[in-house]
Amino acid sequence: MIIIDKLCYQSKLRCVNAMEKFIFAMLTLILCIVSRSFTVSVLVLFITGILTVRGGGIPVSRYIKAMLVPVVFLTLSTLAIIVNITRTPLDAFALPAGSYYITGSCKGITEGLRLMLTALSSVSCLYFLSMNTPVTDILEVLKRLHVPRIILELMLLTYRFIFLMLNLSSAITTAQNARLGNKDLKTSRTSFARMAGSVLILSLKQSNALYDAMEARCYDGVIRILPAHHPARRSEMIAIAVCDFLLAAITIFIKIRR
Amino acid sequence: MPHTLLKADDICYTYDGDHTPALDHLSLEIKSGRKIACMGSNGSGKSTFFLCCNGIRRPDHGTLSYKGKPLDYSRKGLLDLRRKIGIVFQEPDHQIFCADVQQDISFGVLNLGYTETEARKKAAQVMENLGITPFAHKPTHALSGGQKKQVAIAGILAMEPELIILDEPAASLDPLHTEIVHRLIDQMADAGTAVMLSTHDVEYAYAWADDIFLFHNGRILAQGTPEEIFTQKPLLQTVNLNPPAVLSLFQRLTEEQVLPAGLPLPKTMDELIGYLTR
């Protein structure tokens, strides 16, 4: 998560209008889910991959590593769909185990793979958004979509506090380790608990101080912040429209043929 | 004719659940056009006093007045007060709440009712003046301590207060950033903003301030010009401060008759060297 945060600030697509990126990611995501087709999924994987790596300048190795996280997870859950344990063997494969079979059907395998690719391509859409858009920009998009202010303000403060608390916890852990706080399992367990306790108390203190400081700057219950100033470009909007239109057309074509 | 900017009359403040008061019948008067340094050990009441100055804390007893008028603690009164008095907190992480530099700087400006265009302009202007435009679009959690401090100061400066209070502005900064912050403070003072700060740096306070207030156990132990304060050894000992090196050296040199008696106190090392090489 911290890596993604670093990446999105370095991304070359950072200054592209956030709403454009959001709409592109969401439309494409919906198309992936609606179509559930191999073609669309592969196309989307390809497009978002190219956009993130080529367009955003995110290192390929980073991208692949990030994609491997859902791949592992999805493989495990797809296995659960593909593999059945029954008394009668199915058509694709069957391993006898006592009076049962560890077995799977061809249809099940195709379905499982389809599901996996759909999910993976959906994740790639979200990766495209989060690897190229800072959280503050996403909040702005949500604001324009009329998400309640209280939720947005909470998100803003939560996001800032994640880093403050991470700093606190790493500083405390370092200080503990410097005094052999991790010498064996039992000690590290106690140290961890104490660290968590201190982080809680310290962050409460910090939030009080932050509130005072906000009041000092005339905070009156509404957090007003400047929206980022990245106007949407016509060429980008056309590209998004064409891309999603093509994907939609493919989806419809596949649906009709089925 | 300098007039009274801020006046505290017998104010007391005790934090919830504390037995000893943080401010104990403290009275002081700050004149306009003076550069004020508040000194005193940790916990002597400086920060609490600052918080009282812009109405974050309300004294339990006594009155604070700004430009002759007692502080008005109504919503509108407080907004008005905080527009005029800005505080830069000691810990930038306690002040910066946005992940985006520009957004954080413009927060106060927008609260004052400026439009987004105006706020953007003001923020850009302040960032330009402070030379922090290069990291305007970095996330605040990726900044160094010194850069965070500059952002914190920018956030207050953008609101264009009449009086700016800095709570230990150079605390835990490296020499380069200390220098940058000190230069900034001079800029503010030159631009006509009243500046009040707290510091433990005697050399700096001696060279920079027009008036020194010595805080001790929630009261003002002494006040006066740097020359008056820093020549009183017993007073400095009470608050655990050492006299500035220039002054100690100058006094020794006069005692040893290396320098003739009756020279005016030197403000800086350069002035002292001037005496010696003349």
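1. Comments concerning the sheet that holds strand β2 (residues 93-97) of chain A
Residues and elements named next belong to chain A.
- Taken in spatial order, the three strands make up an open sheet running β1-β3-β2, and their pairing is antiparallel. Here the strands that pair on one side only, and so sit at the sheet edges, are β1 (84-86) and β2. Averaged over all pairs of adjacent strands, the angle between their axes in this sheet comes to 30°, without regard to strand direction.
- With five bridges joining them, β2 and strand β3 (residues 100-104) adopt antiparallel strand pairing. Within the sheet, the bridge partner assigned to P96 lies in β3 and is Y101.

2. What about the packing of helix α2 (residues 18-35) of chain A against helix α3 (residues 38-55) of chain A?
Residues and elements named next belong to chain A.
- Across the interface, α2 lies against α3 with an axial gap of 9 Å and an inter-helix angle of 160°. When the axes of α2 and α3 are compared, the pair comes out roughly antiparallel. Handedness of the α2/α3 crossing: left-handed. Every residue of α3 that contacts α2 at F24, T28, L31, C32 and S35 is listed here: V40, V44, I47, T48 and L51.
- Class assignment of the residues belonging to the contact of α2 with α3 gives a composition of seven nonpolar, three polar and no charged.

3. Focus: the sheet that holds strand β10 (residues 219-224) of chain B
Residues and elements named next belong to chain B.
- Across the sheet, six strands lie side by side as β6-β7-β8-β3-β9-β10; this open sheet has mixed pairing. Each of the sheet's edge strands pairs with one partner strand only, and the pair in question is β6 (85-88) and β10. Averaged over all neighbouring strand pairs, the angle between strand axes comes to 20°, with direction disregarded.
- With four bridges connecting them, strand β3 (residues 35-39) and strand β9 (residues 211-216) associate as parallel partners. Residue C38 lies in a different strand from β9, and its bridge partner there is F213.
- Sheet strands touched by helix α2 (residues 75-84): β6 and β7 (163-167). Its angle to β6, the strand with the most contacts, is close to 65°.
- Docked against the sheet, helix α6 (residues 175-190) engages β3, β7 and β8 (194-198), running at close to 150° with respect to β8.

4. Let's talk about the domain arrangement of chain B
Residue and element names in this part refer to chain B.
- Considered domain by domain, chain B is made up of domain 1 (4-243) and domain 2 (244-278).
- Placing a centre on the C-alpha atoms of domain 1 and another on those of domain 2 gives a separation of 32 Å.
- Buried area between domain 1 and domain 2, summed over both chains or domains, comes out near 880 Å², and the portion from carbon and sulfur atoms is 58%.
- Our count for the contact surface shared by domain 1 and domain 2 stands at one salt bridge.
- Salt-bridge contacts for E227 lead to K267; the nearest nitrogen and oxygen are separated by 3.5 Å.
- Counting every contact that joins domain 1 to domain 2 gives four residue pairs in polar contact (both at pLDDT 80 or more).
- For the side of domain 1 that touches domain 2, the secondary structure elements donating two or more residues are α7 (202-208) and α8 (226-230).
- Per-element tally for the side of domain 1 that touches domain 2: the top contributor is α7, with four residues.

5. A short note on the interface of chain A and chain B
- Each partner contributes to the interface: chain A provides 30 residues, whereas chain B provides 38 residues.
- Both faces considered, chain A and chain B share a buried interface measuring about 3,200 Å² in area, 58% of it formed by carbon and sulfur atoms.
- Across the contact surface, chain A and chain B share four salt bridges.
- The salt bridge partner of B:R82 is A:E215, with a shortest N-O separation of 3.9 Å.
- Linking chain A with chain B are 14 residue pairs in polar contact (both at pLDDT 80 or more).
- Put simply, the parts of the chain that give the side of chain A that touches chain B at least two residues each are α1 (2-10), α6 (135-144), α7 (149-178) and α8 (185-216) of chain A.

6. Comments concerning the packing of α1(A) against α7(A)
All names here are of chain A.
- One can describe the packing of α1 onto α7 by two numbers: an axis separation of 12 Å at closest approach and a directional angle of 120°. By the angle class used here, α1 and α7 are oblique. Between α1 and α7 the crossing geometry is left-handed. Along the contact surface, α1 presents I2, D5 and Y9, while α7 presents Y159, F163 and L166.
- Tallied by class, residues from the contact of α1 with α7 come to five nonpolar, no polar and one charged.

7. Re unusual backbone geometry
Residue and element names in this part refer to chain A.
- The phi dihedral of C218 is positive, around 65°, even though this residue is not glycine.
- Tracing the backbone through its elements, the reader meets C218 in the loop between α8 and α9 (234-257).
- Under the relative-accessibility criterion, C218 is labelled buried at 1%.

8. Section: a nonpolar patch on the surface
- A cluster of nonpolar side chains, contributed by A:I85, A:L95, A:Y100 and A:I102, occupies part of the molecular surface with about 390 Å² of accessible area.
- Checked against the element boundaries, A:I85 lands in strand β1.

9. Re the environment of A:V40
All names here are of chain A.
- Among the structural elements, V40 can be located in helix α3.
- Among the residues examined, V40 registers a relative accessible area of 0% and is labelled buried.
- The spacing of V40 and C125 is 85 residues in sequence and 12 Å in space, taken between C-alpha atoms.

10. Looking at helix α10 (residues 245-255) of chain B
Residue and element names in this part refer to chain B.
- For α10, the full list of buried residues reads V246, L247, F250 and L253. Each buried residue of α10 sits inside an arc of 130° when the element is viewed along its axis, so together they form one side.
- In this structure, the buried residues of α10 make contact with α7, α8 and α11 (269-277).
- Looking one or two places after α10, you find Q257, whose phi comes out positive at around 60°.

Reading guide: rules and limits
- Residues numbered from 1 in each chain as written.
- Chains lettered and ligands numbered in written order.
- Predicted model: local features only at pLDDT ≥ 70, side-chain atom pairs only at ≥ 80, totals over all residues.
- Heavy atoms only, no water.
- Pairing = 2+ DSSP bridges.
- Helix = DSSP H or I, 4+ residues; strand = E, 2+ residues; numbered from the N terminus.
- Axes fitted to C-alpha atoms, helices over the stretch in contact; angles between N-to-C directions.
- Parallel < 35°, antiparallel > 145°, perpendicular 65-115°, else oblique.
- Left-handed = near helix turned anticlockwise from the far one by under 90°.
- Contact = heavy atoms within 4.5 Å.
- Nonpolar A, V, L, I, M, F, W, Y, C, P; charged D, E, K, R; others polar.
- Domains from an automatic or database assignment.
- Buried area = accessible area lost by both parts, 1.4 Å probe.
- Salt bridge = Lys/Arg side-chain N within 4 Å of Asp/Glu carboxyl O.
- Polar contact = N/O pair within 3.5 Å; in protein donor to acceptor, adjacent residues only side chain to side chain.
- Buried < 20%, exposed > 50% of the residue type's maximum accessible area, 1.4 Å probe, protein only.
- Patch = residues over 30% accessible without salt bridge, like charges linked within 9 Å, V, L, I, M, F, W, Y side chains within 5 Å.
- Areas by Shrake-Rupley, 256 points an atom, 1.4 Å probe, with all protein chains shown as cover.
- Arc of directions from axis to C-beta.

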